[in-house]
Structure formats: structure tokens, C-alpha cells
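Fold and geometry: a report
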Amino acid sequence: MDSHIFTSSKITSFLCLCSLIIPFLSLIEAQASLCRTTCGDIPINYPFGIDDGCGSPYYRHMLVCSDLGKLQLRTPSGRYPVRSISYSDPHILVTDPLMWNCQDGDNFRPTRPFSLDTSTPFTLSSQNDYLFFNCSEDYVIVEPKPIFCERFPDRCDSSCDSASYLCRHLPECASALSASSCCSYYPKATESLRLMLRYCASYTSVYWKSVGSTTDSPYSQVPEYGIRVDFDVPVTTHCLQCQDPSKGAGTCGFDTQTHNFLCLCKEGNVTSYCKGHDISRHKRAGVIAGTVAGVSAAGVIGIGLGVWALKKVRAKAPVTCGVQSNENRIF
């Protein structure tokens, strides 16, 4: 009987140890892949990353690439499809499927206010215009802005402009509204937008897209539906050296536990740049770019630990594997 208990105890201890080792091996194997540089047809460059540990820690978990290759921006108000990313004029263009579009016409669907986390380096672009439809004039000041501002200059920003150019020339569908009112207003905070939607049937966002090469021309911008979100690119000497082709053309990343800078190289990770430095492999949880060789080494160590545990384990020692027993109960 005692021999049976001893054997069961050893086997259970070995299984417990394996349950800890196997996820560790899987983690090291996951580290063997470098950062993805595209999601669908959208390039993913610094400061962004769609794999944890890639890009700048300030934008960690902000972008999500689905299994179908669709890129999304995560915000407190939800996930939004990303149409494009510009790195020369840093901004992301996103769409909100719940916003009004030309196909809706006078039929307004339930919507939600778009918002950004103010603790992130994202900001709503000043090139966005917001159009609100069928607002209650009992609660919203719907007036032609030039006339209202002339009469009440101190309250000019509080009016929703019914004489807006965009209301009179809706992009792509100038005659989409036949029996609904429209006015233009720029909310300065999420709460302002939330209040507007309480008293308006729906809204949409129009951004001014730059076209051509002459930015001084009055016709160099055209309105399109979408939300432009501007972002900052945190430039550091470490990252510039890491990306320098003459120094190995590494990928800028970070340690997911400490957020310290890492230069991700094909052979491993370093804290400076790839070429001419001994590669210091970081095997911390979630850090990208290890090597398959690390998997083999970890496997040998794991098997050795398992054999050692089988030899050392005693029958009287409580085996828990995360399960409460009379020996390890905490209450």
C-alpha cells in the first residue's frame, strides 16, 4: 500500500513539474519569431507593433491584427477598422461602422461616441469635422455660425453650425438627406460628444485628405468619411542605432516586463544594436525573438529537472498541483 502511494506521489509530482515546463518551452518557441511588419496590406513600422515586445511600449496593445489580416485600433469605446497608416505625416485613418454613411440617408442607426485614451500619445486630428443630424433645438444651439458668432462672440464655440459647407455638400452624396437637419460641431472632449449624441439622432466624422503636392493650394484637400487620429513617433538614439543598416538593421522593441529598450536581432536581443555586439538573449515572459536552439536547451534542462524530482520526491510530501488538500488548505 505504501509502495503504491509512493509511486503515485512521484508520478503526480512529475506531471506537476511538466505542467510548468511545457508552457515555458512553448514561450521560448514563440520567441523564435521576429516582429511582423505588415497586417494585410498595411505596413507596421516603429513605433507600432502587433506582436508584444515590438515597437514602442507607449503603443503596446493599441493595434490588433486579426486572423483574417484585418488591422484594428483599440480605444476605450471599442475596436475600429484601420484603413491606412501614414508614417511621413504621422496619423492613422480609422472608420466607425456605426457612424452615419451615405447609404443610411434619413434612416439613423444607433451609434456610440468615439473616444481615445488621453494617457496615450494619440490625439484626434484638427482636420476632422463632425456632422450631427436631427438635433433637438431645445438642447442644442443649431444656428448659422457666422451670424451666431457675430451676435454672441463669447458663445461662438458652443453653436452647431447649420450653414456648414459639409452639410450643404455632403461628400459623395450631396442629396442623401431629404428630410433631416444637419449641423457641424467640433467636440473638445468625449463628454461633449456624448452629450451631443444624447440630443441628436446620429453623427459622422469627415476628415480633410491632402491631395497633390502643393499644400498651399485651397484645393489641395478633399473631404472623406473617416476619423483621423494623429500620433507621435518617440525617437531615441538607441532606436536609431538599432535600425541603422550599418549596425545590423535591427528592430526596435522592448522588454515586456521592464519596458526597457531592446534591439531585436535575428540571433537574439541586445540593449544597443545588432552588429558587432554579443547577442544577449532575453528569455523573459513575452519578449520577442529568441532562438530555436534555446528550446532544445530548455528541453534538456526540463527533462533533467524531471528525473531529479522523481528521485528526490518523498511519499509523505503533499502533492497539490494547485488542488487544495488538508495539508495545504489556507482557510
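If you check an unreviewed UniProt entry, the protein appears there as Wall-associated receptor kinase galacturonan-binding domain-containing protein from Hibiscus sabdariffa. Word for word, the UniProt comment on the protein under Subcellular location (unreviewed entry) is "Membrane".

A few words on the sheet that holds strand β3 (residues 63-65). Taken in spatial order, the 6 strands of this open sheet run β3-β4-β5-β6-β14-β7, and their pairing is antiparallel. Each edge of the open sheet carries a strand with a single partner, namely β3 and β7 (122-124). Each strand of the sheet is rotated relative to its neighbour by a mean of 40 degrees, with strand direction disregarded. Judged from the 4 bridges that link them, strand β6 (residues 91-94) and strand β14 (residues 227-231) form a sheet pairing that is antiparallel. Following the sheet pairing, I92 is matched in β14 by V229.

Bringing the environment of Y130 into the picture now. Mapped onto the secondary structure, Y130 falls in strand β8 (residues 128-133). For Y130, the residues in contact, after removing those within four places along its chain, are L124, C183, S184, Y185, Y186, P187, Y203, T204 and S205.

So, on to the side chain of D161. Within the secondary structure layout, D161 lies in strand β10 (residues 160-161). Although D161 lies buried, it forms no salt bridge, and the closest oppositely charged side chain, K145, sits 6.3 Å away as judged by the N-O distance. One polar contact links the side chain of D161 to the main-chain amide nitrogen of A163, over a distance of 2.9 Å. When sequence neighbours within four positions are dropped, the list of residues in contact with D161 reads E143, P144, K145, P146, C182, C183 and S184.

Moving on, we get to the layout of surface pockets. Its volume calculated, the largest pocket comes out at about 270 Å³. Considering the residues around the largest pocket, the lining is formed by 17 residues, among which L116, L124, K188, A189 and T190 are closest to the centre. Where the lining of the largest pocket is concerned, the elements lending two or more residues are β7 and α4 (190-199). A total of 3 residues in the lining of the largest pocket trace back to one element, the largest contributor, which is β7. In terms of residue class, the lining of the largest pocket is built from 11 nonpolar, 4 polar and 2 charged.

Once that is clear, we can look at the pattern of salt bridges. Overall, the coordinates contain 10 salt bridges when judged by the stated rule. The salt bridge involving D157 is made with K188; its shortest N-O contact spans 3.4 Å. In this pair, D157 sits in the loop between α2 (145-151) and β10 while K188 sits in the loop between β11 (182-184) and α4, placing the two residues 31 residues apart along the sequence. Judged by its relative accessible area of 69%, K188 falls in the exposed class. Among the ionic pairs, E224 bridges to K209, the shortest N-O distance being 3.6 Å.

Nonpolar side chains collect at one region of the surface, where V233, V235 and L240 lie side by side and expose about 260 Å² of accessible area between them. Along the chain, L240 falls in helix α5 (residues 237-243).

What follows deals with empty space enclosed by the protein. In this structure the tally under the stated criterion is 1 cavity of 30 Å³ or more. Quantified by volume, the largest cavity comes out at close to 30 Å³. Taken together, F132, F133, N134, C135, E137, V142, S181, C182 and C183 form the lining of the largest cavity. Among the residues forming the lining of the largest cavity, the class breakdown is 6 nonpolar, 2 polar and 1 charged.

Criteria and thresholds
Residues numbered from 1 in each chain as written. Predicted model: local features only at pLDDT ≥ 70, side-chain atom pairs only at ≥ 80, totals over all residues. Heavy atoms only, no water. UniProt positions renumbered as here; feature names shortened; annotations may be inferred. Pairing = 2+ DSSP bridges. Helix = DSSP H or I, 4+ residues; strand = E, 2+ residues; numbered from the N terminus. Axes fitted to C-alpha atoms, helices over the stretch in contact; angles between N-to-C directions. Contact = heavy atoms within 4.5 Å. Buried < 20%, exposed > 50% of the residue type's maximum accessible area, 1.4 Å probe, protein only. Lys, Arg positive; Asp, Glu negative; His and termini not counted. Salt bridge = Lys/Arg side-chain N within 4 Å of Asp/Glu carboxyl O. Polar contact = N/O pair within 3.5 Å; in protein donor to acceptor, adjacent residues only side chain to side chain. 1 Å grid on protein atoms, 1.4 Å probe; cavity = no way out; pocket = protein on both sides within 12 Å on 5 of 7 lines; lining within 4 Å. Points joined across faces, edges and corners; volume = space filled by probe spheres on them. Nonpolar A, V, L, I, M, F, W, Y, C, P; charged D, E, K, R; others polar. Patch = residues over 30% accessible without salt bridge, like charges linked within 9 Å, V, L, I, M, F, W, Y side chains within 5 Å. Areas by Shrake-Rupley, 256 points an atom, 1.4 Å probe, with all protein chains shown as cover.

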